[in-house]
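# What the coordinates show
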Amino acid sequence: MKIVGIISMQRIYNYGSFLQAYALKRMIEKSGNKVIFLDYKVEKPRNISEASFMNKRMKQKIRLFIYKILNIFHALNEEQQHILAFRKMYDKNLYERLGVSKKCRKPVDTLVIGSDEVFNCLQSNINVGFSKELFGIGFEYKKKISYAASFGNTTIEKIDKEKVTTYIKKWLRDFDSISVRDDNSLKICKELQVPNVCKNLDPVLMYDFKNEIIDQKTFIKEPYMIVYAYANRINENEKNIIISYAKKNNLALVSVGGYQKFCDYNIVLSPLEVLGLFKNCSCVVTDTFHGSILSIINKKKFAVIVRTSKTGNYGNSEKIDDLLRTLKLTDQVANYKNIEEILKKEINYDLVDTIIEKERKKARDYLEYNL
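As the structure is a computational prediction, the values presented were derived from the model and not from experiment.

Right, let's get into the environment of L323. By secondary structure assignment, the location of L323 is in helix 11 (residues 317–326). Residue L323 is classed as buried on the basis of its relative accessible area of 3%. Separated by 95 residues in sequence, L323 and Y228 have C-alpha atoms that sit 17 Å apart. Ignoring anything within four residues of it in the chain, the contact list for L323 reads L205, F289, S292 and I293.

Rendered as structure tokens:
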């Protein structure tokens, strides 16, 4: 039995991050391997100074400490309560379920980098940064591969502009085999002349969750639609259309993940409970990659808002556009003008399932060959 170490985004407070890490672990365990998660060190993003980085990290810790103190005196507003409850659920339950140990850096037989945006090295997120350890640098292993790794909205143009091409090229060429999950990541590898690169879909699509979904039929008694988006990203036009559609169709609005003030319910569930919530909803509006995937694996009508990177805002077009193209679901791309029209349309999930089954075989073959 081999010891396989995964370096992923398992410590990011996000349902999709947890589910992809959990699914990848389960996929690797099916081959008879023992899986452990290895921790990476958070490094400074390229676009800020060391002093600014340390200052932001300190402010982040102070804000969380203040939330905890205010919570003792019942002085948090609804959004703050939601944030604190979400983090508490993660810290107490989810790390243990994954088998994550802090500062685990053991030698392994095979190191697997992925999935999620492990290669998104030029983002401004201070919880990730320009981290060479997310490319496996500094760990002990006999073999190193990636699975469905993504550069997110880091592009070859940004890599060249930041003058980090030599670093990225060297780090990628250190892999025995590379699997990426989108065409943008594939393009970067090809531009840098990296050998042994293939494309696989995200583990949340590739792993069959059907026997692990925790049903939520009794949680919300009335028919409902889900809004799955990061907090403060749904604009006024989008919000008004979503509210209008829900009222016309007598649906409660349920937000899970990011807090949305306009929704009837803002709830904190475990990731497998979230799958159950999606299973029993009427439809979904999302602006996230994994919100799209959760809709797809539950065969729901959904509209996905694709956002481009501009003026420092985080974009998701590189990964979502590719996912929808691969699954023949580009008709689900929405803006505030056509959300209602998209949610009325039936989706050919027979075709989607055919594509997913082929991709699952490809994923199994890749992992079995490389492990």
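Applying the stated criterion across every chain yields a total of 29 salt bridges. Where E162 meets R46, a salt bridge forms, and the shortest distance between an N and an O atom there is 3.6 Å. In this pair, E162 sits in the loop between helix 4 (156–161) and helix 5 (165–173) while R46 sits in the loop between strand 2 (34–37) and helix 2 (50–72), placing the two residues 116 residues apart along the sequence. Where salt bridges share partners, they join K25, R26, E29 and E212 into one cluster.

What follows concerns the pairing of strand 7 (residues 224–228). When a strand is regular, its side chains alternate between the sheet's two faces. Judged by how many residues are buried, strand 7 sits mostly within the fold: five of five residues are covered. By the alternation rule, side chains of strand 7 split into Y224, I226 and Y228 and M225 and V227, which are all buried. Taken together, the four bridges between strand 7 and strand 8 (residues 252–256) define a ladder with parallel strand orientation. Following the sheet pairing, Y224 is matched in strand 8 by A252. In this view, the connection linking strand 7 to its parallel neighbour strand 8 by way of helix 8 (residues 236–248) has right-handed handedness. Direction of pairing for strand 7 relative to strand 10 (residues 283–286): parallel, over a ladder of four bridges. Note that in strand 10 the partner of Y228 across the bridge is T286.

Attention now goes to the packing of helix 9 (residues 271–279) against helix 10 (residues 289–297). Across the interface, helix 9 lies against helix 10 with an axial gap of 9 Å and an inter-helix angle of 60 degrees. As far as their axial angle goes, helix 10 and helix 9 are oblique. Remark: the crossing between helix 9 and helix 10 carries right-handed chirality. Of the residues in helix 10, those touching helix 9 at V274, L275 and F278 are G291, L294, S295 and I297.

A word on the sheet that holds strand 2. Pairing is parallel across the open sheet formed by four strands, whose spatial order is 2-1-3-4. In this open sheet, the two edge strands, each paired with only one partner strand, are strand 2 and strand 4 (141–146). Along the sheet, successive strands turn relative to each other by an average axial angle of 25 degrees, direction set aside. By the bridge criterion, four bridges tie strand 1 (residues 3–7) to strand 3 (residues 108–113) in an arrangement that is parallel. Paired with I6 across the strands is V112, a residue of strand 3.

Attention shifts here to empty space enclosed by the protein. Scanning all chains against the criterion turns up one cavity of 30 Å³ or more. Here the largest cavity is characterised by a volume of approximately 40 Å³. No other element matches helix 11, which puts three residues into the lining of the largest cavity. Of the residues in the lining of the largest cavity, the class split is three nonpolar, no polar and five charged.

Turning to the packing of aromatic side chains, a few remarks are in order. Applying the stated criterion across every chain, the model contains 17 aromatic pairs. Measuring from centroid to centroid gives 5.9 Å for F18 and Y22, while their planes differ by 15 degrees, and the two rings are stacked. Highlighted residues: F18 and Y22, both in helix 1 (residues 15–29), separated by four residues, approximately one helical turn. Seen in terms of ring centroids, Y167 and W171 are 6.0 Å apart; in terms of plane orientation they differ by 35 degrees. Their pairing is tilted. In this pair, Y167 and W171 are both assigned in helix 5, four residues apart and thus about one turn of the helix distant. The exposure class of W171 is buried, given its relative accessible area of 8%. Joined through ring pairs, the aromatic side chains of Y13, Y15, F18, Y22, F86, Y90, Y207 and F209 make up one cluster.

This next bit is on helix 8. In this model helix 8 runs 18 Å from its N-terminal to its C-terminal C-alpha over 13 residues, within 8% of the 18 Å that 1.5 Å per residue would give. Along helix 8, the residues classified as buried are E238, I242, Y245 and A246. All buried residues of helix 8 project into a common sector of 100 degrees when viewed along the axis, lining one side. Of the exposed residues in helix 8, those oriented more than 90 degrees away from the buried face are E236, K247 and K248. Here helix 8 starts with a cap whose side-chain oxygen sits 3.1 Å from the backbone nitrogen of N237, and that cap is N235. Of the residues one or two after helix 8, N250 is the one with positive phi, at around 55 degrees.

Bringing helix 10 into the picture now. Counting buried positions along helix 10 gives eight out of nine residues, so the element sits mostly inside the fold. Those residues of helix 10 not exposed but buried are F289, H290, G291, S292, I293, L294, S295 and I296. The opening residue of helix 10, the one whose side-chain oxygen lies 2.7 Å from the backbone nitrogen of G291, is T288. Just beyond helix 10, the residue with positive phi is K299, at close to 55 degrees.

Conventions used here
- Residues numbered from 1 in each chain as written.
- Predicted model: local features only at pLDDT ≥ 70, side-chain atom pairs only at ≥ 80, totals over all residues.
- Heavy atoms only, no water.
- Helix = DSSP H or I, 4+ residues; strand = E, 2+ residues; numbered from the N terminus.
- Buried < 20%, exposed > 50% of the residue type's maximum accessible area, 1.4 Å probe, protein only.
- Contact = heavy atoms within 4.5 Å.
- Salt bridge = Lys/Arg side-chain N within 4 Å of Asp/Glu carboxyl O.
- Pairing = 2+ DSSP bridges.
- Right-handed = clockwise from strand over helix to strand, strands pointing away.
- Axes fitted to C-alpha atoms, helices over the stretch in contact; angles between N-to-C directions.
- Parallel < 35°, antiparallel > 145°, perpendicular 65-115°, else oblique.
- Left-handed = near helix turned anticlockwise from the far one by under 90°.
- 1 Å grid on protein atoms, 1.4 Å probe; cavity = no way out; pocket = protein on both sides within 12 Å on 5 of 7 lines; lining within 4 Å.
- Points joined across faces, edges and corners; volume = space filled by probe spheres on them.
- Nonpolar A, V, L, I, M, F, W, Y, C, P; charged D, E, K, R; others polar.
- Phe/Tyr/Trp six-rings, centres within 6.5 Å; stacked < 30°, edge-to-face > 60°.
- Expected span 1.5 Å × (residues − 1).
- Arc of directions from axis to C-beta.
- Polar contact = N/O pair within 3.5 Å; in protein donor to acceptor, adjacent residues only side chain to side chain.

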